[in-house]
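# Reading the structure
Residue-level listing of the chains:
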Amino acid sequence: MAKPGAKARDIENSLVGTLNKIDKNRLVVVKLAVGVNNFTVKYKNRYGENELRVGNQTPGQIFQELVQVKYSAKQAFRGAVVSYCTIPPINLFWYYKYKQIAHPSYTETELLEVSEEIRQRVQEVNDKIYAANKIEQSGIIPVTPSLHTSCIKTLKNGKKRLIASALYDGIRGTDSSVSYWMRRIRRAALEEIRRLNNRQ
């Protein structure tokens, strides 16, 4: 497992190192769960406060980095089933309030607009994740843990709203959310192992 805040390359190196130590005769299922680090860039404003802004990478470029992680994992362990979990969204407005940034570069309106831009980018990558996980591997179709759904409520008018209680600082999941995500990942991995064992 890579440390919190890790980028795709860090995850790739950690994962390949782990897979190289596993007996090649074993059934291996890998669930790639990443956060929003590739969607944002941290910087210091002129008052020395840490702020976040939208990163320069497009959703397509971000997803290609995930594809590279999967490719490297499959090279390290050719029989492994490697798939992705969906990415939970974030809310910069809540993050700035939590961090109590006294001199933000954004107005409150701009923060909401930037949060919406990031949400749309995350959704684009999640759409690609769903499509990629439909491709058969080792005779089975992977199960997609939809981690983002625990953070989003669909309103009567069809619009999506982020659930405030799911993210303690607007970015990181609460203990309850993380526990829920881990259960979803474990359930999906166990189902894939069951399918691998039941192959004809």
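How each quantity is defined
- Residues numbered from 1 in each chain as written.
- Predicted model: local features only at pLDDT ≥ 70, side-chain atom pairs only at ≥ 80, totals over all residues.
- Heavy atoms only, no water.
- Helix = DSSP H or I, 4+ residues; strand = E, 2+ residues; numbered from the N terminus.
- Buried < 20%, exposed > 50% of the residue type's maximum accessible area, 1.4 Å probe, protein only.
- Contact = heavy atoms within 4.5 Å.
- Core = buried A, V, L, I, M, F, W, Y, C linked by side-chain atoms within 4.5 Å.
- Salt bridge = Lys/Arg side-chain N within 4 Å of Asp/Glu carboxyl O.

Before going further, it helps to spend a moment on the environment of Thr144. You can see Thr144 is positioned in the loop between helix H4 (108-132) and strand S5 (152-154). Residue Thr144 is classed as buried on the basis of its relative accessible area of 18%. Excluding anything up to four places from it in sequence, Thr144 contacts Tyr84, Thr86, Ile129, Tyr130 and Asn133.

Summarising the element assignment, Val69 is placed in helix H2 (residues 59-76). Considering only alpha carbons, one finds Val69 and Thr174, 105 residues apart in sequence, at a separation of 27 Å. Those residues in contact with Val69, other than ones at most four positions away along the chain, are Ala8, Ile11, Glu12, Leu15 and Leu32.

Further remarks concern the nonpolar core. Formed by 38 residues in total, the largest nonpolar core has its most connected members in Leu19, Phe39, Ile87, Leu92, Ile118 and Val125. For this core, the element with the highest residue contribution is H4, accounting for seven residues.

A few words on the environment of Asn38. You can see Asn38 is positioned in the loop between strand S1 (29-32) and strand S2 (40-44). Separated by 24 residues in sequence, Asn38 and Ile62 place their C-alpha atoms 6.6 Å apart.

Take unusual backbone geometry next. In this structure, Gln100 is a non-glycine residue whose phi angle is positive, near 55 degrees. Within the secondary structure, Gln100 sits in the loop between helix H3 (92-99) and H4. The backbone phi angle of Ser138 is positive, close to 50 degrees, even though this residue is not glycine. By secondary structure assignment, the location of Ser138 is in the loop between H4 and S5.

With that settled, the discussion passes to the pattern of salt bridges. For the structure on display, the rule yields seven salt bridges. Lys97 is paired through a salt bridge with Glu108; the nearest N and O atoms lie 3.1 Å apart. Highlighted residues: Lys97 in helix H3 and Glu108 in helix H4, separated in sequence by 11 residues.

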